[in-house]
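As a plain string of letters, each chain reads:
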Amino acid sequence: MSKNELNKNLKERHKKILAGVVKEHIKNAQPVSSECLLDRYNLDVSPATIRNDMMFLEEEGFLEQPHMSAGRIPTDFGYRFYIDELMGEPFLNKSLDKIFSDMKCHIEMMEKDFGDLKNVADYLAHASGNMGVVSLANKDFIYQNGLGNLLNQPEFENVESMKKFAKILDNMENSMSDFFENDKDIKICICKENEITFPDFGFICTNISRKNGVKFFAGIIGPKRMNYQRNIALINQLKELLS
């Protein structure tokens, strides 16, 4: 069934519950309970009704129940449906204005020396709270910043997650070449949608062509539950500034 058909088949309450689960999971990295949704999202139904709706969303592949917890978390498909159908327009918080203003100050420097593209990776890491990556087209090295941001996330509390990401970092220069394509759209990959390069992670990226002919790639890597609405807005803003 297509996303459009699923969208039509879901009740508005189902959509509100799914959006609520995604938002709470992004904030807290914990399974979301029916009581939490009832308290925070003005759902004019009983907790039992919300639990039944969450079971329905689980059966349809939008949610899953980890480790026998009473709560639910979004699946990859649930995140994809939220981004495509429910999230709304990306926007930036006013608190990021100063960061973006500082970024503008580096633009002239960047035109003189590719090394100053490191400022773009720094900006993306600082503004997103995730990892920023930048690479010049046809170059086999990448600027990255924000590893500490990722290691502070709950997803990295176990050793296996750290090992997986270390392997990604080791192969990043080779795998990034897959994203240098001719299209200019922003790409959003969620976990197994790009299993070879970034399994278990979210990834937002774009190719940017400057007026002086310089072409480069910029992206944000984070946990699956990263704040897509904010981070897509960051990439949009960067692309508008630098194109």
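Figured I'd write up the structure that's included with this text. (Residues numbered from 1 in each chain as written. Predicted model: local features only at pLDDT ≥ 70, side-chain atom pairs only at ≥ 80, totals over all residues. Heavy atoms only, no water.)

This paragraph deals with a nonpolar patch on the surface. A surface patch of nonpolar side chains, amounting to about 230 Å² of accessible area, comprises Leu147, Leu151 and Met162. Take Leu147: it is sitting in helix H9 (residues 147-151). A relative accessible area of 34% places Leu147 in the partly exposed class. (Patch = residues over 30% accessible without salt bridge, like charges linked within 9 Å, V, L, I, M, F, W, Y side chains within 5 Å. Areas by Shrake-Rupley, 256 points an atom, 1.4 Å probe, with all protein chains shown as cover. Salt bridge = Lys/Arg side-chain N within 4 Å of Asp/Glu carboxyl O. Helix = DSSP H or I, 4+ residues; strand = E, 2+ residues; numbered from the N terminus. Buried < 20%, exposed > 50% of the residue type's maximum accessible area, 1.4 Å probe, protein only.)

Pairing within the open sheet is antiparallel, and its five strands lie in the order S4-S3-S7-S6-S5. Edge positions in the sheet fall to strand S4 (143-145) and strand S5 (187-190), since each of these pairs with one other strand and no more. Averaged over all adjacent pairs, the angle separating strand axes in this sheet is 15°, with direction ignored. With four bridges joining them, S5 and strand S6 (residues 201-209) adopt antiparallel strand pairing. Each residue of the ladder has a partner; that of Cys189, found in S6, is Phe203. (Pairing = 2+ DSSP bridges. Axes fitted to C-alpha atoms, helices over the stretch in contact; angles between N-to-C directions.)

Where helix H2 (residues 12-28) contacts helix H4 (residues 47-59), the axes come no closer than 10 Å and their chain directions differ by 80°. Our classification of the angle between H2 and H4 gives roughly perpendicular. Residues Arg13, His14, Ile17, Leu18 and Val21 of H2 touch H4, and the partners they reach there are Thr49, Ile50, Asp53, Met54, Phe56 and Leu57. For the contact of H2 with H4, the class distribution of residues is seven nonpolar, two polar and two charged. (Parallel < 35°, antiparallel > 145°, perpendicular 65-115°, else oblique. Contact = heavy atoms within 4.5 Å. Nonpolar A, V, L, I, M, F, W, Y, C, P; charged D, E, K, R; others polar.)

What follows deals with the side chain of Lys239. Within the fold, Lys239 resides in helix H12 (residues 228-242). At 2.5 Å, the side chain of Lys239 and the backbone oxygen of Asn207 are in polar contact. (Polar contact = N/O pair within 3.5 Å; in protein donor to acceptor, adjacent residues only side chain to side chain.)

Right, let's talk about unusual backbone geometry for a bit. Peptide bonds are trans in most cases, and residues, glycine excluded, mostly fall at negative phi. Here the phi dihedral of Ala29 falls at roughly 60°; this positive angle occurs in a residue that is not glycine. With respect to the element layout, Ala29 can be found in the loop between H2 and helix H3 (34-40). On the basis of relative accessible area, Ala29 is assigned to the buried category, the value being 17%. Non-glycine residue Asn42 carries a positive phi angle of around 50°. For Asn42, a relative accessible area of 67% translates into the label exposed.

The values reported here are purely geometric and, on their own, carry no functional implication.
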